[in-house]
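Residues per chain, in single letters:
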Amino acid sequence: MRTARYADRWPGNYRAGMWMWLLHRISGVVLVLYGITHVIVISSARTWGPGTFDRVLERLGSPLFLALDVLLVWAVLFHAFNGIRCLLLDLGIGVRRHHKPLFWAMMAIAVALLVVNVVVWAPYILGKPLAE
Amino acid sequence: MTEQATLYVFRYDPDADGTPHFDRFTVPWQKGMTVLDGLYHVLDHQDGSLSFRASCREGVCGSCAMYISGAYRLACQTLLENLPGREATVNPLPHLPVLKDLVVDMEPFFRQYQRIMPYLKPSEPPPDKELLQSPKQRHVLNIHIDCILCAACHSACPLTWADKDFVGPMALNKAYRFAADSRDAARKERMRLIDPSVWKCHTVFNCTEACPKSIPITTAIESLRHMALVQRLKFWQR
Ligand code: SF4
Ligand code: FES
């Protein structure tokens, strides 16, 4: 229902800055959770033994997890370039008149890097084995 | 047959049933008609119990800010013909307590206004002549002094939603307007008053997008941060 107090919560009406702010928080949480997972996975060789470690790594090398890795890369790129955007704004660069071009420029760089990444990883995601 | 426009108007009467709902009104339309004209037509001809605030009808008093069809706008500055299908969904300003229909309690907003010392403070002892400003000194204040206290920015800012201690975009723009004024001698005190609020801005730009006077509020906040930083670095003046 459309209630007045939160009428502006509908995401369809968010402007660019609002999306950036929201996604920055979401990607931040994703990266923290990833960091924790990463530590657990890497230390599994000690905690659960080499057998488990190998099996986990094999699972993580499957196309599905490689595809998820692309999402992870996007989280990193988005968080990094939006962070740079915030820093530039804080330095007074682009804040008065050019915050929209700045937003597009930063996202363009991030997307370009993501595309490079996808191109490099695509064969593996499509099933090429990781190691000979 | 006369052409028509449609208004979906948020209704809430705490004394009657107390459940918020939307009423649909059809009003005769002619070119140049604003959402506020539509609301007045409803009030005069269809439902005398409709409550809303307005005064000047020309975007200078700041009474009629509402959330209209997905954006924060002044009802008196929003032409019905610019809304798709000539339909307006009219909400009171979100995140402020609704008193009745489209009327919100502005107290949380003006409380923040009072916090930032919203007046010029000359040096001590006060000068015995008036303080002159060069056109250049005056130019700095341009557009930042245009604020009409409509609360659109306050309502739009995700920081004010979550943090009741944050002074909010309007107060920060006002603080900038006074701190940047060549006649003001209280910059140090002003920096104290806006700390730590000035650092809480996440440059979401919602306020700047919402402001019906197109004030670059985010720029004002960044300029204030600059001033506050310089103030802190001047350790010999603390
Ligand atoms: S800064 Fe703009 S949006 Fe905020 S109260 Fe003033 S006129 Fe309204
Ligand atoms: S009625 Fe004065 S600003 Fe709209």
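Everything below is about the structure shown above.
**Q** For the environment of Thr218 of chain B, give the residues involved together with the corresponding values.
**A** Relative to the elements of secondary structure, Thr218 of chain B occurs in helix α10 (residues 217-233). C-alpha of Thr218 of chain B to C-alpha of Asn173 of chain B: the two residues are 45 residues apart in sequence and 8.2 Å apart in space. Setting aside its immediate chain neighbours within four residues, Thr218 of chain B contacts Val95 of chain A together with Thr203, Phe205, Cys207 and Thr208 of chain B.

**Q** Before we move on, can you summarise helix α4 (residues 99-125) of chain A with the specific residues and values?
**A** Here α4 of chain A spans 36 Å end to end across 27 residues, near enough to the 39 Å set by a 1.5 Å rise per residue. Where α4 of chain A bends most, at Val119 of chain A, the angle is about 35°, and the proline Pro123 of chain A comes one to four residues later. Residues His99, Leu102, Phe103, Met106, Met107, Ala110 and Leu114 of chain A constitute the buried set of α4 of chain A. The elements touched by buried residues of α4 of chain A are α1 (16-47) and α3 (63-90) of chain A together with α9 (206-210) of chain B. Directly after α4 of chain A, the chain includes Gly127 of chain A, whose backbone phi takes a positive value near 115°.

**Q** I'd love a proper account of the pattern of salt bridges, names of residues and values included.
**A** When their charged atoms lie close together, side chains carrying opposite charge are able to pair. Residues and elements named next belong to chain B. For the structure shown, the criterion picks out 18 salt bridges over all chains. As a salt-bridge pair, Asp165 and Arg115 come within 3.8 Å of each other at their nearest N and O atoms. Taken together, the residues span a long stretch of sequence, with Asp165 in the loop between α5 (158-162) and α6 (168-179) and Arg115 in helix α2 (residues 107-115) at a distance of 50 residues. Salt bridges sharing common partners tie together Arg11, Asp23, Asp47, Lys100 and Asp101.

**Q** Kindly report on the interface of chain A and chain B, identifying the contributing residues and their values.
**A** Contact residues are listed per partner, giving 23 residues for chain A and 28 residues for chain B. Between chain A and chain B, the buried area comes to about 2,400 Å², and carbon and sulfur atoms account for 57% of it. The interface formed by chain A and chain B contains three salt bridges. Across the salt bridge formed by Asp90 of chain A and Arg225 of chain B, the nearest N and O atoms sit 2.6 Å from each other.

**Q** So what about the layout of surface pockets? Which residues, and what values?
**A** Roughly 530 Å³ of internal volume is contained in the largest pocket. Lining the largest pocket are 17 residues, with Tyr34, Leu60, Phe65, Asp69 and Leu72 of chain A positioned closest to its centre.

**Q** Give a description of the nonpolar core that names residues and reports values.
**A** By size, the foremost hydrophobic cluster in this structure holds 77 residues, and its most contacted members are Val35, Leu39, Met66, Leu80 and Leu224 of chain B. What Leu224 of chain B contacts, discounting residues up to four positions off in sequence, is Leu172, Ala175, Tyr176, Ala179, Met191, Ile194 and Val198 of chain B. Formed by 14 residues, the second largest nonpolar core is a distinct cluster that contains Met20, Phe81 and Leu114 of chain A together with Phe205 of chain B.

**Q** Can you lay out the side chain of Asn206 of chain B for me, pointing to particular residues and giving the numbers?
**A** Mapped onto the elements of the fold, Asn206 of chain B is located in helix α9. Given the relative accessible area of 11%, Asn206 of chain B is considered buried. Setting aside chain neighbours within four positions, we find Asn206 of chain B in contact with Met18 of chain A together with Ala156 and Pro158 of chain B.

**Q** Give me the packing of aromatic side chains: which residues, what numbers.
**A** A full pass over the atoms with the stated rule returns nine aromatic pairs over all chains. For the pair Trp74 of chain A and Phe78 of chain A, a centre-to-centre distance of 5.9 Å together with 55° between the ring planes defines the contact as tilted. Here Trp74 of chain A pairs with Phe78 of chain A, and both are found in helix α3, just four residues apart, close to one helical turn. Of the aromatic side chains, those joined through ring pairs into one cluster are Phe109, Phe110 and Tyr113 of chain B. The positively charged end of Arg177 of chain B is found above the aromatic ring belonging to Phe178 of chain B, 4.4 Å away from the centroid.

What counts as what
Residues numbered from 1 in each chain as written. Chains lettered and ligands numbered in written order. Predicted model: local features only at pLDDT ≥ 70, side-chain atom pairs only at ≥ 80, totals over all residues. Heavy atoms only, no water. Helix = DSSP H or I, 4+ residues; strand = E, 2+ residues; numbered from the N terminus. Contact = heavy atoms within 4.5 Å. Expected span 1.5 Å × (residues − 1). Bend = angle between axes of the 7 residues up to and from the residue. Buried < 20%, exposed > 50% of the residue type's maximum accessible area, 1.4 Å probe, protein only. Salt bridge = Lys/Arg side-chain N within 4 Å of Asp/Glu carboxyl O. Buried area = accessible area lost by both parts, 1.4 Å probe. 1 Å grid on protein atoms, 1.4 Å probe; cavity = no way out; pocket = protein on both sides within 12 Å on 5 of 7 lines; lining within 4 Å. Points joined across faces, edges and corners; volume = space filled by probe spheres on them. Core = buried A, V, L, I, M, F, W, Y, C linked by side-chain atoms within 4.5 Å. Phe/Tyr/Trp six-rings, centres within 6.5 Å; stacked < 30°, edge-to-face > 60°. Lys NZ or Arg CZ within 6 Å of the ring centre and 35° of its normal.

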